[in-house]
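Each chain, letter by letter, is given below.
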Amino acid sequence: MPKVLCPICGRAVDRLIEGMCEECYLSRHPVLEIKNFNVVRCKYCGAYYIRGRWVKPKRGDDRELLERLLRDNIDVKGALNAVQIEVYEDRVVYNIAGVGAPHELIKPREFQTSYVAPFLLDVCPDCRRNIWGVERGLVRIKGYPEDLGEIEYKKIESVLEHVLYEARGRNIGSVISIERTRGGVEVLTTEPKLARHIAHKIHQVLPSDYVESYKVLKGRGDKKVYHYTATVYVITLEEGDVVRRGPSYYLVIDVNNREVVTVDVASKAQVRFPLYRFTEVKTEKVAKARRGVGGEGLGAPGGLGVVYYVEIDNKHYIVPI
Ligand SMILES: [Zn+2]
Ligand SMILES: [Zn+2]
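The structure displayed is predicted, hence computed values, not measured ones. (Residues numbered from 1 in each chain as written. Chains lettered and ligands numbered in written order. Predicted model: local features only at pLDDT ≥ 70, side-chain atom pairs only at ≥ 80, totals over all residues.)

J.: Sorry, what's going on with the sheet that holds strand S20 (residues 283-288) here?
T.: The strands that make up a sheet are held in pairs by hydrogen bonds between backbone atoms, and each pair lies either parallel or antiparallel. The antiparallel open sheet is built from five strands, whose spatial order is S19-S18-S17-S16-S20. A single partner strand is all that each edge strand has here, and the edge strands are strand S19 (270-274) and S20. Strand-to-strand twist of the sheet, defined as the mean angle between neighbouring strand axes without regard to direction, takes the value 40 degrees. Inspection of the sheet shows strand S16 (residues 241-245) paired to S20 by five bridges, in the antiparallel sense. Looking at S20, one finds that Arg244 is bridged to Glu284. (Pairing = 2+ DSSP bridges. Helix = DSSP H or I, 4+ residues; strand = E, 2+ residues; numbered from the N terminus. Axes fitted to C-alpha atoms, helices over the stretch in contact; angles between N-to-C directions.)

Spelled out as structure tokens, the structure:
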């Protein structure tokens, strides 16, 4: 049989398939193609989000649904012989084997590959309804004026751990979930009093302010069911931070469980903000002051004692304490 040259790779082959050799054809028409996909699962009931719907697995058999999810996202020119599925906390690993060919002139060949799909936890609409019907306490913990940092997260986590330990065996309800949100933490509880207890504990331990509200849930018969929400603002400032509040700049010299102690940068007067007042006015962290003694090097009069060097918009201030 006369050999022909593949116009793409130049190889001499017996025949061309759609104008190219088998190898070139295979590289352009893979036997198996997998579209990127995630595995989305409801964290409460275990339902999977498949083809725009939430589907509950039958009696703990997740395999069937996980495989359906895979089949929805692959294009295979042939048959899958084996799909092995490994489920981990944060991902699902599919090991796939099969036989196929992308063209009838190409002899079917075996293939084998694996695909890692990230696990995403969500809440299905059913559970969302159930939770909001049954769950009666929510504590939102946020940072103020900046998002919570690792140190605050750690402290909050240890308070929560302690509260959960205390609450065990007592009839004050239980925690449904603790979730890190963008810059904060959200805690859902079955009882308002547990949520309230958590909010108060956080407030006791960390410099913070909180607002709380009660709402009567409707459609629950004669007995009134309350929903409690608390938002705890944890002060994320420390000594040396400079903040803008309205037209004024303040240097923070202390943050404690009652107040934020500051010095007005312009007037050098000490201003103490009770925490419940502090969160009332929009506050922005704008600079970090440097602590020094006596104003050396900046032409300040001697004998000032402890001073802070503050730079705001290229202007320098020396703030004595
Ligand atoms: Zn070729
Ligand atoms: Zn669910």
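Moving on from the model shown.
J.: How should I be thinking about the nonpolar core in this particular structure?
T.: General note: in soluble globular proteins, nonpolar side chains tend to be found buried as a group. Formed by 43 residues in total, the largest nonpolar core has its most connected members in Val139, Ala195, Val232, Leu251 and Val265. When residues are assigned to domains, this core turns out to be shared by domain 3 (135-235) and domain 4 (241-320), each giving three or more. Not counting residues within four places of it along the chain, the set of residues in contact with Val232 comprises Val139, Ile141, Ala199, Ile202, His203, Ser208 and Tyr210. Grouped together as the second largest cluster of nonpolar side chains are nine residues, Leu66, Leu69, Leu70 and Tyr94 included. (Core = buried A, V, L, I, M, F, W, Y, C linked by C-beta atoms within 7 Å. Buried ≥ 20, exposed ≤ 12 C-beta atoms within 10 Å, placed from the backbone. Domains from an automatic or database assignment. Contact = placed C-beta atoms within 7 Å.)

J.: Whenever I open this one, the domain arrangement of the protein confuses me. Can you help?
T.: How big an interface is tends to be stated in terms of accessible area lost as the parts join. Domain annotation for the protein reports domain 1 (1-30), domain 2 (32-123), domain 3 (135-235) and domain 4 (241-320). A separation of 38 Å is found between the C-alpha centroids of domain 2 and domain 3.

J.: Looking at this structure, I do not really get unusual backbone geometry. What am I missing?
T.: Peptide bonds are, in most cases, trans, and in most cases residues other than glycine have a negative phi. Omega for the bond connecting Tyr144 with Pro145 falls within 30 degrees of zero, at 0 degrees, which places this linkage in the cis form. Within the element layout of this structure, Pro145 appears in the loop between strand S11 (137-144) and helix H4 (150-167). Positive phi is not limited to glycine here, since Glu18 has a value of about 50 degrees. Structurally, the position occupied by Glu18 is in the loop between strand S2 (12-13) and helix H1 (22-28). Judged by C-beta crowding, with 10 C-beta atoms within 10 Å, Glu18 ranks as exposed. A positive phi is found at Lys268, a non-glycine position, where the angle reads about 65 degrees.

J.: Looking at this structure, how should I read the pairing of strand S13 (residues 184-189)?
T.: Remember that side chains alternate between the two faces of the sheet whenever the strand is regular. Direction of pairing for S11 relative to S13: antiparallel, over a ladder of six bridges. Within the sheet, the bridge partner assigned to Gly137 lies in S13 and is Thr189. Pairing between strand S12 (residues 175-181) and S13: six bridges, direction antiparallel. Paired with Ser177 across the strands is Leu188, a residue of S13.

J.: Is there a simple way to think about the environment of Asn171 in this case?
T.: Inspection of the secondary structure puts Asn171 in the loop between H4 and S12. Sequence separation of Asn171 and Leu194 is 23 residues, and the distance between their C-alpha atoms is 9.5 Å.

J.: I tried to follow the environment of Ser267 on my own but got confused; where do I start?
T.: Counting through the fold element by element, Ser267 comes out in the loop between strand S18 (259-264) and S19. In this structure the C-alpha to C-alpha distance between Ser267 and Leu105, which are 162 residues apart in sequence, comes to 87 Å.

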